[in-house]
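Architecture at a glance
So you can see what is in the structure, the chains are spelled out below.
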Amino acid sequence: MKIGVLSLQGGFIEHINHLKSIGCDTLEVKTLCDLENVNGIILPGGESTVIGKILKETNLLTPLREKILKGMPVWGTCAGMILLAKEIENDKNNYLSVMNIKVKRNAYGSQIDSFETKKIIKEVSPNPIPLIFIRAPYISSYDNTVNILCEVNENVVAARENNILATSFHPELTENLEFHKYFLSMCDKNV
Ligand code: GLN
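The notes below deal with the structure included here. (Residues numbered from 1 in each chain as written. Predicted model: local features only at pLDDT ≥ 70, side-chain atom pairs only at ≥ 80, totals over all residues. Heavy atoms only, no water.)

Looking at the overall build of the protein chain
Helix and strand counts for the protein chain come out as 6 helices and 12 strands. Here the C-alpha radius of gyration of the protein chain, 15 Å, is about what a compact globule of 191 residues would show, namely 16 Å. Taken along the three principal axes of its C-alpha coordinates, the protein chain extends 40 × 40 × 30 Å. For the protein chain, with 191 residues in total, the buried portion stands at 52%. Counting only contacts in the protein chain whose residues sit at least 6 apart along the sequence, the fraction spanning at least 24 positions is 63%. If you sum the accessible surface of the protein chain, you get close to 8600 Å²; carbon and sulfur atoms cover 46% of it. Side-chain charges of the protein chain comprise 20 positive and 22 negative groups, with the mean position of each set lying 2 Å from the other. (Helix = DSSP H or I, 4+ residues; strand = E, 2+ residues; numbered from the N terminus. Rg over C-alpha atoms; globule rule 2.2 N^0.38 Å. Buried < 20%, exposed > 50% of the residue type's maximum accessible area, 1.4 Å probe, protein only. Contact = heavy atoms within 4.5 Å. Areas by Shrake-Rupley, 256 points an atom, 1.4 Å probe, with all protein chains shown as cover. Lys, Arg positive; Asp, Glu negative; His and termini not counted. Charge placed at Lys NZ, Arg CZ, Asp CG, Glu CD.)

Focus: the site of the ligand
What surrounds the ligand is the set Gly45, Gly46, Glu47, Ser48, Cys78, Ala79, Ile82, Arg105, Asn106, Ile134, Arg135 and His170. Within the contact set of the ligand, an oxygen atom lies 2.7 Å away from a backbone nitrogen or oxygen of Ser48. Contact distances for the ligand include 3.1 Å between a nitrogen atom and a side-chain N or O atom of His170. Protein chains bury 97% of the 300 Å² of accessible surface belonging to the ligand in isolation. Among the residues making up the shell around the ligand, the classes are represented as 4 nonpolar, 5 polar and 3 charged. (Near = heavy atom within 4 Å. Polar contact = N/O pair within 3.5 Å; in protein donor to acceptor, adjacent residues only side chain to side chain. Nonpolar A, V, L, I, M, F, W, Y, C, P; charged D, E, K, R; others polar.)

Take a look at the structure:
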């Protein structure tokens with residue numbers, strides 16, 4: 001089994017390194033051919049408008065969307081979550097539009113656009129997980145098909161809808177590997 005990380009812009013190397021440290025075969029996904037060779041894919045943090053634009057320019061947007069709709073496991077972190085959303089509160093565009101959530105970009109404002117906290121996320125691990133937010137979005141509304149995994153200050157910051165996982169924060173920027181193991185288990189079940 002091979003897990004891809006969309007490697008067009010943003011923090012893809014950190015995800016690759018985390019996957020490697022849990023013994024996972026990985027691939028930097030930049031082309032359609034790469035996409036055909038993975039069993040699951042991580043969409044990293046970065047700038048959603050830029051990643052979305054490159055996805056369109058490289059003709060990856062539609063094939064990636066179709067694969068997700070057919071059940072390929074996908075995990076979007078931060079900008080990746082924005083790409084997955086069906087609706088973006090403060091962006092007239094939408095991108096992959098596969099997850100029944102509405103997100104607010106840069107939701108934590110400019111003064112406190114980065115912060116850290118810790119939470120127990122029961123589905124993922126019995127131990128507290130460090131959460132790093134960088135100009136992060138949160139989920140402002142969602143359909144009842146979406147399972148909420150974590151809230152911080154009453155805002156939804158992690159959720160799952162079937163094969164789609166989304167987090168506002170960046171587990172790849174911490175030492176903690178629990179989220180990557182959790183995503184790997186989603187991919188394992190799908191093979
Ligand atoms: N603010 C960025 C966006 O809107 C996301 C930031 C991140 O991925 N760390 O795309």
